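# Per-entry structural report
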Amino acid sequence: MRKPISAVIITRNEASHIAQCIASVDFCDEVLVVDSGSTDATMHIATARGARVLHQRWLGFGPQKRFAAAQARHDWVLALDADERVTPELRASIEQAMRSDKDTGGTGDTEATAADRSQPAAWVMARRNRFMGRWLRFGEGYPDDCVRLFDRRRAQWSDDTVHERVLTTGRIDRLDGDLLHDSAESLDDYLAKQNLYSSLQAEAMLADGKSVSAVQVVASPLVRFLKFYLLRQGFRDGLPGLVHIAIGCFASFAKYAKVACAQRRAHAKRADQASVSAS
């Protein structure tokens, strides 16, 4: 026997991707799609493919995925984005990992059993990204490790509005096989998304009271370039690898620059207020 799995997918206007995504997880015991307001055929396609579809207004990436995991019928959750697909090799690895002498996977159990606690709480897998028409093999593009299979009683998504991650104090083991990420978005859309993400990250840093220095603004993109382009051999992916890493470096620069800009505006405002009070 194997533990039952709920595949959980968050969507918004993903009509071009959702069918392939659902097809890749047809081995799961449930496919749950949580949509945040699609105006295309996403929900119709998902329903036609046998998924259970719910609507939830957008809460931010982390909170949205937490909500979705909470609605699943089974405690073992396989979380995907609509533009991701499970390869046959990864499927086999997941099914092997979920095999158990007892069906302890849970259907709403509030607490993990002792047998569960002795097992991994989550599993990490390699994600392979497609960029500029090429499946990347190095740099930031592969292996883009991510935790996507987890026991929601012992692991859960963070509250981050962007670059969310699965948090757990339990053991994390590795699965064989790749998760394919093929967004097929244009370079303009990708740049716009990175600009949005850097703004959200900057807002989160400011909300936490974090500050940045000129050294961080300059050093962060340089360190990132050295790490992914040279040490992790991103140069072997040719022009797509260079562009992918360069955009990542600029996004890092933009994040810290936006925090620094906000800090300077706040400082200038306080100085103006102090000047007015003194006069």
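Higher on the page you've got the structure.
Throughout what follows, the structure given in this document is the object of discussion.

### Quick word on the pairing of strand E2 (residues 30-35)
Among the 6 residues of E2, 6 are classified as buried, and the element is accordingly described as predominantly covered. Where burial is concerned, the two faces of E2 agree: the one with Glu30, Leu32 and Val34 and the one with Val31, Val33 and Asp35 are both buried. Note that strand E1 (residues 5-11) and E2 share 6 bridges and pair parallel. Residue pairing for E2: alanine 7 is matched across the bridge by valine 31. With helix H1 (residues 18-24) bridging E1 and its parallel neighbour E2, the resulting β-α-β unit is right-handed. Pairing geometry for E2 and strand E3 (residues 52-55), over 4 bridges, is parallel. Bridge pairing in E3 links leucine 32 to arginine 52. Between the parallel elements E2 and E3, the chain passes through helix H2 (residues 42-48) in a crossover that is right-handed.

### A short note on a nonpolar patch on the surface
Together, Leu226, Leu230, Leu231 and Phe235 line one region of the surface with nonpolar side chains, adding up to about 410 Å² of accessible area. Following the sequence through the fold, phenylalanine 235 ends up in the loop between helix H7 (214-231) and helix H8 (238-278).

### Some thoughts on the pattern of salt bridges
Overall, the coordinates contain 24 salt bridges when judged by the stated rule. The salt bridge involving glutamate 140 is made with arginine 224; its shortest N-O contact spans 2.6 Å. Taken together, the residues span a long stretch of sequence, with glutamate 140 in the loop between strand E7 (134-135) and strand E8 (146-151) and arginine 224 in helix H7 at a distance of 84 residues. Taking the relative accessible area as the measure of exposure, glutamate 140 reaches 15% and is therefore buried.

### Overview of unusual backbone geometry
That bond from tyrosine 142 to proline 143 is cis: its omega, -5°, falls within 30 degrees of zero. Relative to the helices and strands, proline 143 is located in the loop between E7 and E8. A positive phi angle, near 55°, is found at histidine 163, a position not held by glycine. Here histidine 163 lies in the loop between strand E9 (155-157) and strand E10 (166-168). One non-glycine residue, glutamine 233, lies in the positive phi region at around 55°.

### Section: the pairing of strand E11 (residues 172-181)
For a regular strand, the rule is simple: side chains alternate between the two faces of the sheet. Judged from the 3 bridges that link them, strand E5 (residues 84-86) and E11 form a sheet pairing that is antiparallel. Note that in E11 the partner of valine 86 across the bridge is leucine 179. For strand E6 (residues 122-131) and E11, the ladder comprises 7 bridges, and the chain directions are parallel. Across the sheet, residue alanine 122 finds its bridge partner in E11, namely isoleucine 172.

### A few points about the environment of alanine 214
Here alanine 214 lies in helix H7. For alanine 214, a relative accessible area of 59% translates into the label exposed. Residues alanine 214 and glutamine 56 lie 158 residues apart in sequence; the distance between their C-alpha atoms is 40 Å.

### Overview of the nonpolar core
Within the largest apolar cluster, 28 residues are counted, with the highest numbers of intra-cluster contacts made by Ile9, Val25, Leu78, Val86, Ile94 and Leu149. Mapped by element, the contributors of at least two residues to this core are E1, H1, E2, strand E4 (76-81), helix H4 (88-97), E6, E8 and E11. When residues no more than four places from it in sequence are discounted, the contact partners of isoleucine 9 are Ile18, Cys21, Ile22, Val31, Leu32, Val33, Val34, Leu80, Asp81 and Ala82. Counting residues in hydrophobic clusters, the runner-up holds 16 residues, among them Ala68, Ala72, Ala155 and Val166.

### Structural notes on the packing of aromatic side chains
Summed over the entire model, instances satisfying the criterion amount to 7 aromatic pairs. Taking the centre distance of 4.8 Å and the plane angle of 20° together, the rings of phenylalanine 225 and tyrosine 229 count as stacked. One end of the pair, phenylalanine 225, and the other, tyrosine 229, are both in helix H7, 4 residues apart, so they sit about a helical turn from each other. Taking relative accessible area as the criterion, phenylalanine 225 reaches 28% and is therefore assigned partly exposed. Ring centres of tyrosine 229 and phenylalanine 235 lie 6.1 Å apart, and the angle between their planes is 70°; on these two criteria the pair is classed as edge-to-face. Tyrosine 229 sits in the buried class, given a relative accessible area of 17%. We classify phenylalanine 235 as partly exposed; its relative accessible area is 40%.

About the criteria used
Residues numbered from 1 in each chain as written. Predicted model: local features only at pLDDT ≥ 70, side-chain atom pairs only at ≥ 80, totals over all residues. Heavy atoms only, no water. Buried < 20%, exposed > 50% of the residue type's maximum accessible area, 1.4 Å probe, protein only. Helix = DSSP H or I, 4+ residues; strand = E, 2+ residues; numbered from the N terminus. Pairing = 2+ DSSP bridges. Right-handed = clockwise from strand over helix to strand, strands pointing away. Patch = residues over 30% accessible without salt bridge, like charges linked within 9 Å, V, L, I, M, F, W, Y side chains within 5 Å. Areas by Shrake-Rupley, 256 points an atom, 1.4 Å probe, with all protein chains shown as cover. Salt bridge = Lys/Arg side-chain N within 4 Å of Asp/Glu carboxyl O. Core = buried A, V, L, I, M, F, W, Y, C linked by side-chain atoms within 4.5 Å. Contact = heavy atoms within 4.5 Å. Phe/Tyr/Trp six-rings, centres within 6.5 Å; stacked < 30°, edge-to-face > 60°.

Everything listed here is a matter of geometry and, on its own, says nothing about what the molecule does.
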